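# Coordinate analysis (summary)
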Amino acid sequence: MAPPTPIPIPLFASTQLNLLHEEHAAEVSSSKLASTAATVSPLTRRTLQATGYALTGLILSQCRTGLGGRVVGEFAPDPAVASDESRAADGTPRLGSHGIRVGDVVRVSDVAGPGKKVGGKDKEKDKDAEKGGPEGVVTRTGDRAVWIAFGRPGGGGTSKEDDEAVEELWGKKLWAIKLANDVTYRRMRQTMEKMEKMTETDYSHFMRVAFGHTTPLQLDTEACGPVEFTDPTLNDSQKDAIRFALASRDIALIHGPPGTGKTHTLIELVLQLVQRKKRVLVCGPSNVSVDNIVERLAPKKVPVVRIGHPARLLPSVLEHSLEVLTQTSDAGGIVKDIRKEIDEKQASIRKTRSGRERRGIYDELKLLRKEFRQRESKCVDNLVRESSVVLATLHGAGGHQLKNQKFDVVIIDEASQALEAQCWISLLGAEKVVLAGDHLQLPPTVKSTGQKSKDEVSKGTEEKTDTETLKGVSLERTLFDRLLALHGPGIKRMLTTQYRMHETIMRFPSDELYEGRLIASDAVKSRLLVDLPYEAEDEISKKGALLGDSKSNEMEALVVARHVGNLIDAGVRPESIAVITPYNGQLALLSRMLREKYPGLELGSVDGFQGREKEAVVVSLVRSNAEHEVGFLGEKRRLNVAMTRPKRHLCICGDSETISHGSSFLKHWMDFLEENADLRYPDAGDLL
Ligand SMILES: Nc1ncnc2c1ncn2[C@@H]1O[C@H](COP(=O)(O)OP(=O)(O)OP(=O)(O)O)[C@@H](O)[C@H]1O
């Protein structure tokens with residue numbers, strides 16, 4: 001292929017900075033979490049709680065030193081304001097329903113607003129008053145309390161200001177509000193700023209390849225040697241992808257269509273790299289994507305370290321988290337004693353009446369914390385340096401723990417779900433990179449209008465994918481996409497055996513999007529719903545009639561509800577079924593109809609269901625109009641996600657007349673369904 005057109009790196013970085021700035025602004029303005037004033041009326045607080053953004057009526061009930069030397073506060077319901085209904089049988093007040101979840105960043109404030117400032121000479125206090133209270137991450141939530149570790153994520157633990165601000169909370173009536181978490185944005189911005197300033201001599205070979213200044217090097221098949229796979233179940237396309245990734249010297253893309261075992265393949269790749277004494281950094285865009293790999297790698301007895309705020313990790317991977325290792329490993333001993341001292345000092349503050357003495361204790365605490373951090377950072381450094389596999393989210397890779405750490409290979413899973421700037425946080429020092437993903441499923445969600453709206457893009461441009469339409473200017477264009485366009489398919493290997501879908505469900509997406517190359521594994525290709533264990537009949541009858549008294553004009557929602565009811569009546573467990581739709585309005589309607597009736601049934605948006613699977617999936621397409629407008633159904637990648645979620649049963653509800661006029665892809669789909677699906681034309685009279 002023709003040599004790629006080089007992209008100037010500073011130009012790329014400055015364009016990204018503009019787009020990111022716009023995106024951040026859009027996020028902040030669309031977010032109800034934008035910082036609130038220090039004082040808020042009780043009504044507003046209650047509304048914020050009702051909509052899941054706040055928790056009010058709290059008091060600080062306990063404090064201790066948690067992971068990473070952070071102050072962890074326990075916040076309980078204020079007995080003075082708790083209503084009788086909200087009390088447990090023994091009279092203890094309960095929190096009631098709220099939307100604060102583990103991992104949320106929150107600010108805790110005095111409901112009466114910040115205290116009066118004395119003469120305004122205390123600058124630090126002024127700062128806290130402005131902020132409205134200390135900020136932290138929720139580590140646990142329960143019926144009778146929530147626990148918050150102070151210090152913002154990525155901010156390096158609790159600071160002296162936080163200490164004092166937490167201390168101020170004793171005896172006050174408090175509330176907590178969720179804040180937008182902007183660590184990812186900050187890290188992306190810092191990375192782009194760094195890239196903008198780099199000069200020719202700073203560029204690594206990988207950077208030069210990634211921006212088309214040079215082409216990828218020839219494969220080094222000799223150096224990777226014969227491969228003895230540890231996993232006997234790997235299929236040929238998976239083995240081929242692993243050999244390719246081992247032999248590549250700079251860039252390898254592993255293209256994993258739905259259900260083809262991308263992560264399965266990456267696990268073996270990591271093991272092979274470790275056998276070859278390579279140091280590996282494994283990243284993903286979300287905590288879940290990273291934890292998924294830790295969970296699957298840990299049983300293989302490879303020493304792994306997971307970097308990230310413990311409150312955000314799955315409980316199953318906590319023992320591998322850096323913060324826990326810092327305490328449990330031998331090296332951790334050196335931080336233990338100092339932690340105890342911090343706890344004791346902390347407790348002594350409350351017994352101290354004199355302001356001057358308190359101030360003295362704060363200063364001592366500050367020193368102790370500094371000492372703690374120094375010792376801890378040494379311990380952390382050793383732990384990280386000794387592990388051959390380090391795992392972190394892409395933004396987590398920008399934290400201080402990985403400063404000056406060199407890796408032979410950086411692997412990014414779900415790379416087509418990450419913004420390119422996010423990938424670069426982990427890639428600036430990389431020599432060799434393996435990206436796994438599927439550019440034919442949905443890219444990361446982008447809110448800003450630096451690009452055309454998705455509806456506009458898909459209208460009338462169906463022959464071009466929107467990534468082509470938006471070439472070079474969109475945040476939605478991922479690194480995976482861009483590298484593929486830049487260097488061609490020679491840099492990728494595709495996994496072709498899928499372990500999810502019945503052959504007929506797979507056929508259309510395979511033919512239309514994956515060059516007809518997908519193969520359904522023997523284990524799944526003819527699986528049907530009837531082969532599933534049935535729910536006993538008496539269980540079904542308990543659930544009663546489907547629609548009850550509810551009335552709705554939404555024909556399609558009724559069709560969906562009817563079909564779900566039929567599946568369940570036939571013995572399919574609600575837990576095996578998902579109902580998905582591209583539109584939130586429809587989702588709300590369907591939820592009203594079905595959620596209470598079948599709590600086990602999963603209802604969600606198509607976008608939110610990416611990466612998931614169910615035995616039976618019902619898709620509600622919604623669009624139906626004389627103008628044949630299909631809106632963002634015109635986006636192939638969204639439809640691809642929708643139609644590739646089920647294992648045994650796919651039911652599409654929609655107006656085929658509208659849909660088939662939407663684009664040639666949609667027309668092909670409707671033709672395919674006409675030939676291969678069991679078509680039903682529900683009668684309105686039957687439904688109501
Ligand atoms: N070689 C194999 N033999 C048997 N089963 C496999 C093989 N590879 C993957 N699988 C199975 O296929 C399923 C999907 O695998 P995995 O979770 O690794 O896929 P993924 O590609 O990361 O997922 P997604 O398709 O959702 O992105 C899993 O149940 C896994 O056990």
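Criteria and cut-off values
- Residues numbered from 1 in each chain as written.
- Predicted model: local features only at pLDDT ≥ 70, side-chain atom pairs only at ≥ 80, totals over all residues.
- Heavy atoms only, no water.
- Helix = DSSP H or I, 4+ residues; strand = E, 2+ residues; numbered from the N terminus.
- Buried < 20%, exposed > 50% of the residue type's maximum accessible area, 1.4 Å probe, protein only.
- Contact = heavy atoms within 4.5 Å.
- Areas by Shrake-Rupley, 256 points an atom, 1.4 Å probe, with all protein chains shown as cover.
- Pairing = 2+ DSSP bridges.
- Axes fitted to C-alpha atoms, helices over the stretch in contact; angles between N-to-C directions.
- Near = heavy atom within 4 Å.
- Polar contact = N/O pair within 3.5 Å; in protein donor to acceptor, adjacent residues only side chain to side chain.
- Nonpolar A, V, L, I, M, F, W, Y, C, P; charged D, E, K, R; others polar.
- Phe/Tyr/Trp six-rings, centres within 6.5 Å; stacked < 30°, edge-to-face > 60°.
- Lys NZ or Arg CZ within 6 Å of the ring centre and 35° of its normal.
- Core = buried A, V, L, I, M, F, W, Y, C linked by side-chain atoms within 4.5 Å.
- Expected span 1.5 Å × (residues − 1).
- Disulfide = S-S within 2.5 Å.
- 1 Å grid on protein atoms, 1.4 Å probe; cavity = no way out; pocket = protein on both sides within 12 Å on 5 of 7 lines; lining within 4 Å.
- Points joined across faces, edges and corners; volume = space filled by probe spheres on them.
- Salt bridge = Lys/Arg side-chain N within 4 Å of Asp/Glu carboxyl O.
- Patch = residues over 30% accessible without salt bridge, like charges linked within 9 Å, V, L, I, M, F, W, Y side chains within 5 Å.
- pLDDT = per-residue confidence, 0-100.

In terms of regular secondary structure, the chain is built from 25 helices and 19 strands. Here the chain holds 688 residues, and the buried ones make up 53% of them. When contacts within the chain are restricted to residue pairs at least 6 apart in sequence, those whose partners lie at least 24 apart make up 77%. Summing over all exposed atoms, the chain offers an accessible surface of approximately 31800 Å²; the carbon and sulfur share of this is 50%.

Strand order in this open sheet of seven strands is S9-S10-S8-S11-S12-S7-S13, and the pairing throughout is parallel. Two strands close off the open sheet at either side, each with one partner strand: strand S9 (304-306) and strand S13 (492-494). In this sheet, adjacent strand axes meet at a mean angle of 15 degrees when their direction is disregarded. In terms of strand pairing, strand S8 (residues 280-284) meets strand S11 (residues 409-412) through four bridges, oriented parallel. Residue Cys 283 lies in a different strand from S11, and its bridge partner there is Ile 412. In this fold helix H9 (residues 262-275) packs onto strand S7 (251-255), S8, strand S10 (389-393), S11 and strand S12 (432-437), with an angle of close to 170 degrees to the strand it touches most, S11.

A word on the site of the ligand. Around the ligand sit 15 residues in total, of which Thr 233, Gln 238, Gly 259, Lys 262 and Thr 263 are the nearest. Here Arg 296 contributes a side-chain N or O atom positioned 3.0 Å from an oxygen atom of the ligand. Within the contact set of the ligand, a nitrogen atom lies 3.2 Å away from a side-chain nitrogen or oxygen of Tyr 499. Residue composition of the shell around the ligand, grouped by class: three nonpolar, nine polar and three charged.

What follows is about the packing of aromatic side chains. Enumeration according to the criterion identifies seven aromatic pairs in this entry. Arranged with centres 5.5 Å apart and planes meeting at 55 degrees, the rings of Phe 508 and Phe 665 form a pair that is tilted. On the criterion of sequence distance, the pair formed by Phe 508 in helix H18 (residues 503-513) and Phe 665 in helix H24 (residues 664-676) is long-range, its members being 157 residues apart. Judged on exposure class, the residue Phe 508 and its partner Phe 665 are both buried. For the pair Phe 508 and Phe 672, a centre-to-centre distance of 5.5 Å together with 50 degrees between the ring planes defines the contact as tilted. In this pair, Phe 508 sits in helix H18 while Phe 672 sits in helix H24, placing the two residues 164 residues apart along the sequence. For the pair formed by Phe 508 and Phe 672, the shared burial category is buried. Here the aromatic cluster, defined as three or more aromatic residues joined through ring pairs, consists of Phe 12, Phe 206, Phe 211 and Trp 424. Here the guanidinium or amino end of Arg 140 rests over the ring plane of Trp 147, the centre of that ring lying 3.9 Å away. We note Arg 493 situated over the ring of Phe 244; from NZ or CZ to the ring centre the distance is 3.9 Å.

Let us look at the nonpolar core. Residues Met 192, Met 195, Ile 251, Trp 424, Leu 427 and Leu 435 are the most contacted members of the largest nonpolar core, which totals 56 residues. With six residues, helix H1 (residues 9-30) is the single largest residue contributor to this core. Every residue in contact with Trp 424, bar those within four places of it in the chain, is listed here: Phe 12, Thr 191, Met 192, Met 195, Phe 206, Met 207, Ala 210, Phe 211 and Leu 479.

To continue, consider the pairing of strand S6 (residues 174-178). For S6, the buried fraction is high: five of the five residues fall into the buried class. Of the two faces of S6, the one holding Leu 174, Ala 176 and Lys 178 and the one holding Trp 175 and Ile 177 are both buried throughout. As judged from the five bridges shared by strand S3 (residues 105-110) and S6, these two strands associate in the antiparallel manner. Looking across to S6, one finds that Arg 107 is bridged to Ile 177.

Next up on the list: H9. Taking 1.5 Å of rise per residue, 14 residues should cover 20 Å, and H9 covers 20 Å from first to last C-alpha, within 8% of that figure. With 11 of its 14 residues buried, H9 lies for the most part within the structure. Regarding H9, the residues found buried are Lys 262, Thr 263, Thr 265, Leu 266, Ile 267, Glu 268, Leu 269, Val 270, Leu 271, Gln 272 and Leu 273. Two residues or fewer past H9, Lys 277 is found with a positive phi of approximately 60 degrees.

On the basis of which strands lie adjacent, the open sheet formed by four strands has the order S17-S16-S18-S19 and parallel pairing. With partners counted over all chains shown, the strands left at the sheet margins are strand S17 (602-605) and strand S19 (646-653), one partner each. Across the sheet, the axes of successive neighbouring strands diverge by a mean angle of 20 degrees, strand direction being ignored. Seen against the sheet, helix H20 (residues 555-569) touches strand S16 (577-581), strand S18 (614-620) and S19 and runs at an angle of roughly 160 degrees to S18.

Further remarks concern the state of the cysteines. Counted according to the given criterion, the structure contains zero disulfides. Free cysteine Cys 423: the closest other cysteine sulfur is in Cys 283, separated by 8.9 Å.

Quick look at the side chain of Gln 16 now. Counting through the fold element by element, Gln 16 comes out in helix H1. A residue is classified by how much of its surface remains accessible, and Gln 16, at 7% relative accessible area, is buried. Apart from the residues lying within four places of it in its own chain, the contact partners of Gln 16 are Met 192, Ala 421 and Leu 475.

Rolled over the atoms, a probe with the dimensions of a water molecule shows which regions are left empty. Space inside the second largest pocket adds up to approximately 1400 Å³. If you trace the second largest pocket, you find 42 residues lining it, with Cys 651, Ile 652, Asp 678, Leu 679 and Arg 680 closest to the centre. Breaking the lining of the second largest pocket down by element, the ones donating at least two residues are H18, H20, S19, helix H23 (656-660), H24 and helix H25 (684-687).

Attention now moves to the environment of Ser 656. Here Ser 656 lies in helix H23. Residue Ser 656 is classed as partly exposed on the basis of its relative accessible area of 34%. Separated by 127 residues in sequence, Ser 656 and Leu 529 place their C-alpha atoms 25 Å apart.

Under the defined criterion, the tally for this structure stands at 28 salt bridges. Two residues, Glu 135 and Arg 107, come together in a salt bridge whose shortest N-O distance is 3.4 Å. Of this pair, Glu 135 sits in strand S4 (residues 135-141) while Arg 107 sits in strand S3; the two residues are 28 residues apart in sequence, bridging distant segments of the chain. Residues Glu 135 and Arg 107 agree in their burial class; the two are buried.

On to a nonpolar patch on the surface, then. Together, Leu 528, Val 530 and Tyr 534 make up an exposed nonpolar region whose accessible area comes to about 300 Å². For Leu 528, the position within the fold is in the loop between strand S15 (519-520) and helix H19 (537-542).

This paragraph deals with the confidence of the model for the chain. Low pLDDT marks stretches whose predicted atomic positions should not be read closely. Summarising the model, the chain shows a mean pLDDT of 83, and 84% of its residues fall at 70 or more. Here residues 116-129 is a poorly scored stretch, pLDDT under 50, and it has 14 contacts once near neighbours within four places are set aside; other chains count. The low-confidence segment residues 538-553, where pLDDT is below 50, has 23 contacts with residues more than four positions distant or belonging to other chains.

What follows concerns the environment of Arg 482. Residue placement: Arg 482 occurs in helix H17 (residues 479-487). Separated by 62 residues in sequence, Arg 482 and Glu 420 place their C-alpha atoms 9.1 Å apart. The contact partners of Arg 482, leaving out residues within four places of it in the chain, are Ile 7, Phe 12, Ala 210, Phe 211, Glu 420 and Arg 477. At 2.8 Å, the side chain of Arg 482 forms a polar contact with the side chain of Glu 420.

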